[in-house]
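# Reading the structure
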Amino acid sequence: MNSPADLERTCHCGLIKEGHVDQTVTVMGWVDRRRDLGSLIFLDLRDREGIVQVVADPEHAGTLAKAKEARPEDVLAVTGKVVWRDKETVNPEIPTGRVEIRAERIELLNASETPPFPINSPASASEETRLHYRFLDLRRERLQRNLQLRHRATMAIRNFFDKEGFLEIETPFLTRSTPEGARDYLVPSRLYPGQFYALPQSPQLFKQLLMVAGFDRYFQIVRCFRDEDLRSDRQPEFTQIDLEISFPKIETIFKVVERLLERIFSLVEISVSTPFPRLSYPEAISQYGTDRPDIRYDLKLLDVSAAFSRSSFRVFRQIMEDGGLIKGIRVPGRASFSRKQLDDLRGFVQDQGKGADLSWIKVTTEGMKSSLPKAVGEKELEAVRGSAQLEENDLFLMLGGPQKIVHLILGRLREHLALQENLIPEKSHAFLWVYNFPLLEWDEQEKRYFACSHPFTSPLDEDLDLLESDPARVRAKSYDVVLNGVELGSGSIRIHQRELQTRVFKVLGIEPEEAQAKFGFLLEALGYGAPPHGGIALGLDRIIMLLAGERSLRDVIAFPKTARAVDLMCGAPSTVSEKQLKELGLKLEK
RNA sequence: GGGGCCGUAGUUCAGUUGGCUAGAACGCCGGCCUGUCACGCCGGAGGUCGCGAGUUCGAGUCUCGUCGGCCCCGCCA
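These figures come from a predicted structure and were not determined experimentally.

Regular strands show a simple pattern: their side chains alternate between the two faces of the sheet. Where strand β18 (residues 440–443) lies against strand β19 (residues 448–451), four bridges are found, and the strand directions are antiparallel. Counted as the bridge partner of Leu440 is Ala451 from β19. In sequence, β18 turns back onto β19 through a hairpin of four residues, with Lys447 there showing a positive phi of about 55°.

Next up on the list: the protein's contact with RNA strand B. Residues in close proximity to RNA strand B total 45 residues, the closest being Asp36, Thr89, Arg102, Glu128 and Ser453. Side-chain polar atom of Arg35 to a base oxygen of RNA strand B: 2.6 Å apart, as the coordinates give it. Take Ser126: an N or O atom from its main chain is 2.5 Å from a phosphate oxygen of RNA strand B. Put simply, the parts of the chain that give the surface near RNA strand B at least two residues each are β1 (24–36), β5 (99–110) and α2 (127–132). In terms of residues, the surface near RNA strand B owes the most to one element, β1, which gives three residues.

Turning our attention to a nonpolar patch on the surface. Side chains of Phe135, Phe559 and Met569 sit close together on the surface and give an oily, nonpolar patch of about 290 Å² of accessible area. Checked against the element boundaries, Phe559 lands in the loop between α15 (540–548) and α16 (578–584).

A word on the environment of Gly485. Following the sequence through the fold, Gly485 ends up in the loop between β20 (478–483) and β21 (486–493). Sequence separation between Gly485 and Ile295 is 190 residues, and the spatial gap between their C-alpha atoms is 7.4 Å. For Gly485, the residues in contact, after removing those within four places along its chain, are Arg292, Pro293 and Asp294.

The next subject is the sheet that holds β5. If you walk around this closed barrel you meet the five strands as β1-β2-β3-β5-β4, and the pairing is mixed. Across this sheet, the average inter-strand angle for adjacent strands is 55°, counted without regard to direction. Across seven bridges, β1 lies against strand β4 (residues 75–84) in antiparallel orientation. Residue pairing for β4: Val25 is matched across the bridge by Gly80.

Before going further, it helps to examine unusual backbone geometry. A cis amide bond, omega -5°, links Thr274 with the succeeding residue Pro275. Here Pro275 lies in the loop between α6 (250–266) and β11 (278–280). The peptide bond linking Ala572 to Pro573 adopts the cis configuration, its omega dihedral lying at 0°. For Pro573, the location among the structural elements is in the loop between α15 and α16. One non-glycine residue, Lys427, adopts positive backbone phi at about 55°. Along the chain, Lys427 falls in the loop between α11 (403–420) and β17 (431–435). We note that Asn436 has phi near 60°; this positive angle belongs to a residue other than glycine. Here Asn436 lies in the loop between β17 and β18.

Next up on the list: the environment of Tyr133. Structurally, Tyr133 is set in the loop between α2 and α3 (134–137). The exposure class of Tyr133 is partly exposed, given its relative accessible area of 28%. Residues Tyr133 and Glu550 lie 417 residues apart in sequence; the distance between their C-alpha atoms is 20 Å. Ignoring sequence-local partners within four residues, the contact set of Tyr133 consists of Pro116 and Phe117.

Attention shifts here to the sheet that holds strand β16 (residues 395–401). As summarised here, the arrangement of the five strands in space is β12-β13-β16-β14-β15, forming an open sheet in which the pairing is antiparallel. The two strands at the open ends of the sheet, each matched to only one other strand, are β12 (301–303) and β15 (367–370). The average undirected angle you get between the axes of adjacent strands in this sheet is 25°. Where strand β13 (residues 325–331) meets β16, seven bridges bridge the pair, whose relative direction is antiparallel. For Lys327, the partnering residue across the bridge sits in β16 and is Leu399.

All right, on to α11 then. Taking 1.5 Å per residue, 18 residues should reach 26 Å; α11 reaches 25 Å between its end C-alpha atoms and fits that length. Within α11 the residues assigned to the buried category are Val406, His407, Ile409, Leu410, Gly411, Leu413, Arg414, Leu417 and Ala418.

For the structure on display, the rule yields 18 aromatic pairs. With 3.9 Å between their ring centres and 5° between their planes, Phe254 and Trp433 make a pair best called stacked. One end of the pair, Phe254, is in helix α6; the other, Trp433, is in strand β17, and 179 residues separate them in sequence. Over the aromatic face of Phe450 sits the side chain of Arg448, whose NZ or CZ is 3.9 Å from the ring centroid.

Before going further, it helps to examine the pairing of strand β3 (residues 50–56). The element β3 is largely enclosed, with a buried count of five among its seven residues. Relative to β3, strand β2 (residues 41–47) runs antiparallel, the two sharing seven bridges. Opposite Leu45, over in β3, you have Val52 as the bridge partner. The loop that links β2 with its antiparallel partner β3 comprises two residues. Here β3 pairs with β5 via two bridges, running parallel. Residue pairing for β5: Val54 is matched across the bridge by Ile101.

With that settled, consider the side chain of Asp47. Counting through the fold element by element, Asp47 comes out in strand β2. For Asp47, the side chain forms a polar contact with the main-chain nitrogen of Cys13, separated by 2.5 Å.

Formed by 42 residues in total, the largest nonpolar core has its most connected members in Phe161, Ile241, Leu261, Ile264, Phe265, Ile536 and Ile543. At eight residues, the largest contribution of residues to this core is made by α6. With sequence-adjacent residues up to four places away left out, Ile241 is seen in contact with Ile157, Phe161, Gln220, Leu260, Ile264, Ile536, Ala537, Leu538, Leu540 and Ile543.

With that settled, the discussion passes to the pattern of salt bridges. For the coordinates displayed, the defined rule picks out 48 salt bridges. The partner of Glu382 in a salt bridge is Arg385, and the shortest N-O contact between them spans 3.9 Å. In this pair, Glu382 and Arg385 are both assigned in helix α10 (residues 378–388), three residues apart and thus about one turn of the helix distant. Between Glu514 and Lys518 there is a salt bridge, with the nearest N and O atoms lying 2.8 Å from each other. Of this pair, Glu514 and Lys518 are both found in helix α14 (residues 512–526), four residues apart, which corresponds to roughly one turn of the helix. The partly exposed category is assigned to Glu514, whose relative accessible area is 28%. Take Lys518: its relative accessible area is 26%, and that puts it in the partly exposed class. Here the salt bridges do not stand alone but share partners, grouping Arg130, Arg134, Asp137, Arg140, Arg142, Glu550 and Asp555 into one network.

Reading guide: rules and limits
- Residues numbered from 1 in each chain as written.
- Chains lettered and ligands numbered in written order.
- Predicted model: local features only at pLDDT ≥ 70, side-chain atom pairs only at ≥ 80, totals over all residues.
- Heavy atoms only, no water.
- Pairing = 2+ DSSP bridges.
- Helix = DSSP H or I, 4+ residues; strand = E, 2+ residues; numbered from the N terminus.
- Near = heavy atom within 4 Å.
- Polar contact = N/O pair within 3.5 Å; in protein donor to acceptor, adjacent residues only side chain to side chain.
- Patch = residues over 30% accessible without salt bridge, like charges linked within 9 Å, V, L, I, M, F, W, Y side chains within 5 Å.
- Areas by Shrake-Rupley, 256 points an atom, 1.4 Å probe, with all protein chains shown as cover.
- Salt bridge = Lys/Arg side-chain N within 4 Å of Asp/Glu carboxyl O.
- Contact = heavy atoms within 4.5 Å.
- Axes fitted to C-alpha atoms, helices over the stretch in contact; angles between N-to-C directions.
- Buried < 20%, exposed > 50% of the residue type's maximum accessible area, 1.4 Å probe, protein only.
- Expected span 1.5 Å × (residues − 1).
- Phe/Tyr/Trp six-rings, centres within 6.5 Å; stacked < 30°, edge-to-face > 60°.
- Lys NZ or Arg CZ within 6 Å of the ring centre and 35° of its normal.
- Core = buried A, V, L, I, M, F, W, Y, C linked by side-chain atoms within 4.5 Å.

Have a look at this one:
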């Protein structure tokens, strides 16, 4: 059933316009629907641009019989004249609805099996079925739209960077495994049995070396690989918009990224106001309990420790003696919450583990009520009311404990409340920068410091003196760009001096010999006139997901993997032959 | 690694306290129909109840295991 040689497509189905009226056209596409009225058959023919109605009637010999045979998802070629529809039969639902094609010839190019789920309806099949028949799911309008949007976005991105003087330069996928960071995907080497390439978690070091090489401004739309457990917003391979700039001020990078995001979001008619607000890491944590706050709504975390400094409530007093604090969230107008609602919130907090317990205060017309023990007097409640600026009908939800836990859990409670109480304004887009993350974090299990970002992040100049004496207090020249509580990208000014890089390695417990073995090429490069440089990497899939209004990365990636990293369509991963293993010098256990 | 939800015609689902010869809608197949557009009307086919054990006179339903999908925690420099 090859395409008849004399037929050539002259127009996409979805692009047939009033201007085609009286012209003879040939369209090729999939049967979306057949409406068989006996001696008159309507076929909706679909391609990526949309749908056009084809009419088969007895006046054109053969078309009726061909149309009768047509089944959903058959591929047809239709030649005919474009004609106006009668006024009464115009379909205002589709862009081509004022015209139709009166078929003179219909050819079946390829028949289709009955599809496992309807292509022409958004009614969903299970994710499992959709992924198994991904080629059919992709044929549906939603994914067609998402991937077309993705194309337009990547085109806009490349255009943007070109105009801004960036060069797109490719970096290797077969590279070397480096310590720290996520688990690597490994590729065994055939020529060097027992040795492995690693797929890049990001092109971090290569782009730094491109700066050393003098390329000055680099970008790449590049695949990255991380062998970690997945989420709806995490795939094992994902795409970054990666960029690096020589001689930058932090402002330089912020401005480029703001302009870029402004450009990308303009594709879906979202206007982005720049510059983005900025929060330092400590501000973000203390006000929102997270390093990627959703600032579309308020519900800030308020410190009311002072109100309990001499409390008769022993639990709170003890918390403060242990160096902890008491913080809470003012929920306006929710003093009306029932016992059940409050218990549910308490349950939510308890479900987070960590042994935290939620207390509440209500400001009602009959005075203050609270879940705190009776021993906590009116005076203390008034003190809370004062420091949290509670108003009548407000509910105040409180948590005491070590700083880290209070912030973590109240941060989650804040998000939970916003969702539950519908406090998130629709169609608002709250971008922000979070900056000055800690450089290092102490790992209690491994008894050593880890880089919060990566080991090439530069410390703040004014904190350099603390690097050896009090590493945990050293802040980094790092920054994240956040949208609606989603981390879109993360970057930093890098270390460009060999001495400092060696010092940081040392603090991380990477001794000079190991540093030389694993990062020798970087240290060497830094010794040959590396320019100051910095950059950022943005998650392209996540950006597209937000642009498209989707909740899962799977809906903006053509061939995604399941939550357990399986490709249900092609069946990856799979076993390989004994011969392949042997060539690689590999032997499987058991 | 841990927790939660789910798995029944092609698809989406229903299936009471264990009694089922397992239903519905859509889809599919056949017939009728010249202005439909979710066309309509008439008829029909279609099931290893994810898989495997167990309890029971009897299991879609209860128990255990297992496989798969989704969500979350840990993890993701």
